[in-house]
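Working through the structure, step by step
The primary structure of each chain is shown beneath.
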Amino acid sequence: MIEKWSRTFFFLLSLGGVVSLLALARVWPPAGWGLIPLVIFLAVGLRDVLQKKHTLLRNFPVLGHFRFLLESIRPEIRQYFVEGDSEENPFSREKRSVVYQRSKGTLDTLPFGTRRDVYQVGYQWINHSLGLPVENLELTRCAIGEKSCSQPYAAALLNISAMSYGALSRNAIMALNRAAQAGGFSHNTGEGGISDWHCQGGDLVWQIGTGYFGCRRADGTFCASTFEERAALPAVKMIEVKLSQGAKPGHGGILPAAKVSAEIARIRDVPIGQDVISPPVHSAFSTPGELLEFLARLRELAGGKPVGFKLCVGSKREFLAICKAMLESGLHPDFITVDGAEGGTGAAPLEFSNSVGMPLNDGLAFIHSALTGIGFRDRVRLIAAGKISTGFHLLEKIALGADLCNAARSMMFALGCIQALKCNTNECPTGIATQLPRLYRGLDVGDKAERVARFQKTTVAAAMELAQASGMSCTPRDLRWQIFRRTAPGEVRALGDLYPCLAEGELLQHTVPAEIASDWSAASAAAF
């Protein structure tokens, strides 16, 4: 039928319908009402034939609209009727469900055994122990900056990752921050600055990106005085300088003038009604040495609060250059947040999101190994960020070198996100990733705050149960040899074998391991 449909067939059908209805109306007058839908049908078809933007509609008037209708609801059809429970697209239904269940406090157990193919390549598991569980296992907090800061921070094992006001609605931001207060974990502001909605009592990690929003001069460069003023806020516990993010590493951004309201302009220190540009790189520093000096300056301006940076690993040589700058200057960040290529954002170019940056596990293991190799690992805390939604994920990242973790999308699921994939359209149906009052007003701040806090608590508790089941009695690094992955049919390897770690101070020896020798030799503290 579709192949036979054409403009000629459309006009013949329309003409035949009009003639038939007119003839029928002479015998039975009520039939004349049928001319109304027929005229609408004809008008739509004429418009389709006369327009020049869509060839499909010109060739298949009226009927072609069904293609666009089906295309518009394709994500929902797939999500609700086609997608399997374990398909990562980008989060599986199984993972979304466990977040929903734990956030609501409902039954989160799994009946009838695992749905996973345990013999499939990539399957992971953790070894359990037949011994008595370790009592008083405490991995839920980590001190950051205790040796270098006058105001160190005791961070939770799982925290809210960077999401700006503007990308998220005011109600979503308020709910996240109230959850952070209730649960005793931190809330990263994202690079959009500190809004009034962030100040609900929860601990903040103030993220500063290349646009220096909230601490910038009129020309877009860093402003020390406004930074010092806002960093002094009691809610601000740490400062994070964003070098890159996993969803679009090496890519800047633009906030269109239409979205720069008086409120956004005030928060970001930008003019109202003008495009706001976030450059791909920082203007406050251009070398690894200057980066460390900038961090040291921020720590001083912030009154001794911990300062670190966030990145998605690209060139190993460039991070090793930062390591060499640490050795030469004695300066170092208090923490490093490692993002992975699997990280998310409201909107990113497909090429950057799909094809740029190192995945989290690889980047995290490399940074942990490099810091150990230069003897700085005990001075710098590592934070892992990227698709973390279960207790097993937490332990896996700890095994690879993390001290604690951040999560964004799982926190959004706890808020009620249904993975509608409309974050970049401002039409988020759950009121989370939108600035439309008619949508975000439906998000109840109090209820969602309770859900986020409950999800964080139960996920950390699940990680502790797993750790106890593994018999872990020494350090979290023991997990490196207790978590396994099937790498090929009939072949199983521990994470410790898949991601080998340099020995303490090994990069300071005369002979550098061959696998890192060329990057280490090419790295310079004077240039990225």
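Procedures and definitions
- Residues numbered from 1 in each chain as written.
- Predicted model: local features only at pLDDT ≥ 70, side-chain atom pairs only at ≥ 80, totals over all residues.
- Heavy atoms only, no water.
- Helix = DSSP H or I, 4+ residues; strand = E, 2+ residues; numbered from the N terminus.
- Buried < 20%, exposed > 50% of the residue type's maximum accessible area, 1.4 Å probe, protein only.
- Pairing = 2+ DSSP bridges.
- Right-handed = clockwise from strand over helix to strand, strands pointing away.
- Expected span 1.5 Å × (residues − 1).
- Axes fitted to C-alpha atoms, helices over the stretch in contact; angles between N-to-C directions.
- 1 Å grid on protein atoms, 1.4 Å probe; cavity = no way out; pocket = protein on both sides within 12 Å on 5 of 7 lines; lining within 4 Å.
- Points joined across faces, edges and corners; volume = space filled by probe spheres on them.
- Nonpolar A, V, L, I, M, F, W, Y, C, P; charged D, E, K, R; others polar.
- Disulfide = S-S within 2.5 Å.
- Lys, Arg positive; Asp, Glu negative; His and termini not counted.
- Salt bridge = Lys/Arg side-chain N within 4 Å of Asp/Glu carboxyl O.
- Contact = heavy atoms within 4.5 Å.
- Patch = residues over 30% accessible without salt bridge, like charges linked within 9 Å, V, L, I, M, F, W, Y side chains within 5 Å.
- Areas by Shrake-Rupley, 256 points an atom, 1.4 Å probe, with all protein chains shown as cover.
- Core = buried A, V, L, I, M, F, W, Y, C linked by side-chain atoms within 4.5 Å.
- Left-handed = near helix turned anticlockwise from the far one by under 90°.
- Phe/Tyr/Trp six-rings, centres within 6.5 Å; stacked < 30°, edge-to-face > 60°.
- Parallel < 35°, antiparallel > 145°, perpendicular 65-115°, else oblique.

With that settled, the discussion passes to the overall build of the chain. Looking only at helices and strands, the chain has 19 helices and 15 strands in total. Put simply, the chain has 528 residues, and 48% of those count as buried.

With that settled, consider the environment of Glu-76. With respect to the helices, strands and loops of the structure, Glu-76 is situated in helix α5 (residues 74-82). The spatial distance from the C-alpha of Glu-76 to the C-alpha of Gln-419 is 9.4 Å, given a sequence separation of 343 residues.

So, on to the pairing of strand β6 (residues 203-208). With 5 of its 6 residues buried, β6 lies for the most part within the structure. Two elements, β6 and strand β7 (residues 236-242), share 5 bridges in a ladder whose sense is parallel. Its bridge partner being in β7, Ile-208 is matched across the sheet by Val-241. In this fold, the crossover linking β6 to β7 by way of helix α8 (residues 224-231) has right-handed handedness.

Turning our eyes to something else, we now look at helix α13 (residues 360-373). Between its first and last C-alpha atoms α13 spans 20 Å; for 14 residues at 1.5 Å apiece the expected length is 20 Å, and the two agree. Burial analysis of α13 places 13 of its 14 residues in the buried class, the great majority of the element. Once α13 ends, the next one or two residues include Gly-375, with phi positive near 80°.

This part covers the sheet that holds strand β15 (residues 491-494). With antiparallel pairing, 3 strands are arranged side by side in an open sheet as β1-β14-β15. One side of each edge strand has no neighbouring strand; the edge strands of this open sheet are β1 (124-126) and β15. Ignoring which end each strand starts from, the neighbouring axes of this sheet average 30° apart. For β1 and strand β14 (residues 483-488), the ladder comprises 3 bridges, and the chain directions are antiparallel.

Looking at chain direction, β14 and β15 are connected through 4 bridges and run antiparallel. For Arg-486, the partnering residue across the bridge sits in β15 and is Val-492. Hairpin connection between β14 and β15: a loop of 2 residues separates the two successive antiparallel strands, and Gly-490 in this loop has a positive phi of roughly 80°.

This part takes up the layout of surface pockets. One number sums up the size of the second largest pocket: a volume of about 1,600 Å³. As for the second largest pocket, its lining consists of 40 residues, and the residues nearest its centre are Glu-94, Lys-95, Arg-116, Thr-390 and Phe-392. Mapped onto the lining of the second largest pocket, the elements with two or more residues apiece are α6 (93-104), β1, α14 (391-399) and α17 (445-469). If one sorts the elements of the lining of the second largest pocket by residue count, α6 sits on top with 7 residues. Residue classes in the lining of the second largest pocket are distributed as 10 nonpolar, 14 polar and 16 charged.

Here the focus is the state of the cysteines. According to the stated counting rule, one finds 0 disulfides in the structure shown. Of all cysteine sulfurs in the structure, the one in Cys-417 sits closest to Cys-428, which takes part in no disulfide; the separation is 6.3 Å.

Moving on, we come to the side chain of Arg-486. Mapping Arg-486 onto the fold places it in strand β14. It is Asp-117 that comes nearest to the buried, bridge-free Arg-486 among opposite-charge side chains, at 7.0 Å. Beyond its immediate chain neighbours, meaning those up to four positions away, Arg-486 contacts Val-118, Tyr-119, Gln-120, Val-121, Gly-122, Tyr-123, Trp-125, Glu-491 and Val-492.

A few words on a nonpolar patch on the surface. A cluster of nonpolar residues, Trp-33, Ile-36, Ile-40 and Val-44, forms a patch on the protein surface that exposes about 420 Å² of accessible area. Examined against the element boundaries, Trp-33 turns out to sit in the loop between α1 (7-27) and α2 (35-50).

Attention now goes to the nonpolar core. By size, the foremost hydrophobic cluster in this structure holds 109 residues, and its most contacted members are Phe-227, Ile-239, Phe-319, Ile-336, Ile-367 and Leu-371. Leaving out residues up to four positions away in the same chain, Ile-239 has contacts with Trp-206, Ile-208, Phe-227, Ala-231, Leu-298, Ala-302, Pro-306, Val-307, Gly-308 and Phe-335. With 9 residues, the next largest nonpolar core counts Ile-144, Tyr-153, Ala-155 and Met-238 among its residues.

Moving on, we come to the packing of helix α10 (residues 288-301) against helix α11 (residues 316-329). Running from amino to carboxyl end, α10 crosses α11 at an angle of 65°, the nearest separation of the two axes being 8 Å. Crossing hand, α10 versus α11: right-handed. Across the interface between the two elements, Pro-288, Gly-289, Leu-291 and Leu-292 from α10 touch Ala-321, Ile-322, Ala-325, Met-326 and Ser-329 from α11. For the contact of α10 with α11, a count of residues per class yields 7 nonpolar, 2 polar and no charged.

To describe a pair of aromatic rings, one takes the distance between the centres and the angle between the planes. A complete count under the given rule lists 10 aromatic pairs for this structure. Measuring from centroid to centroid gives 5.2 Å for Phe-222 and Phe-294, while their planes differ by 85°, and the two rings are edge-to-face. A residue pair is termed long-range when its members are at least 10 positions apart, and Phe-222 in the loop between β6 and α8 and Phe-294 in helix α10 qualify at 72 residues. Taking the relative accessible area as the measure of exposure, Phe-294 reaches 5% and is therefore buried.

A separate point is the packing of α11 against α13. In contact at an axis separation of 10 Å, α11 and α13 are set at 30° when each is read in the N-to-C sense. With respect to their mutual orientation, α11 and α13 come out roughly parallel. The chirality of how α11 crosses α13 is right-handed. Side by side, α11 and α13 meet where Lys-316, Phe-319, Leu-320, Cys-323 and Met-326 of the first sit next to Phe-366, Ile-367, Ala-370 and Leu-371 of the second. Within the contact of α11 with α13, the residues separate by chemical class into 8 nonpolar, no polar and 1 charged.

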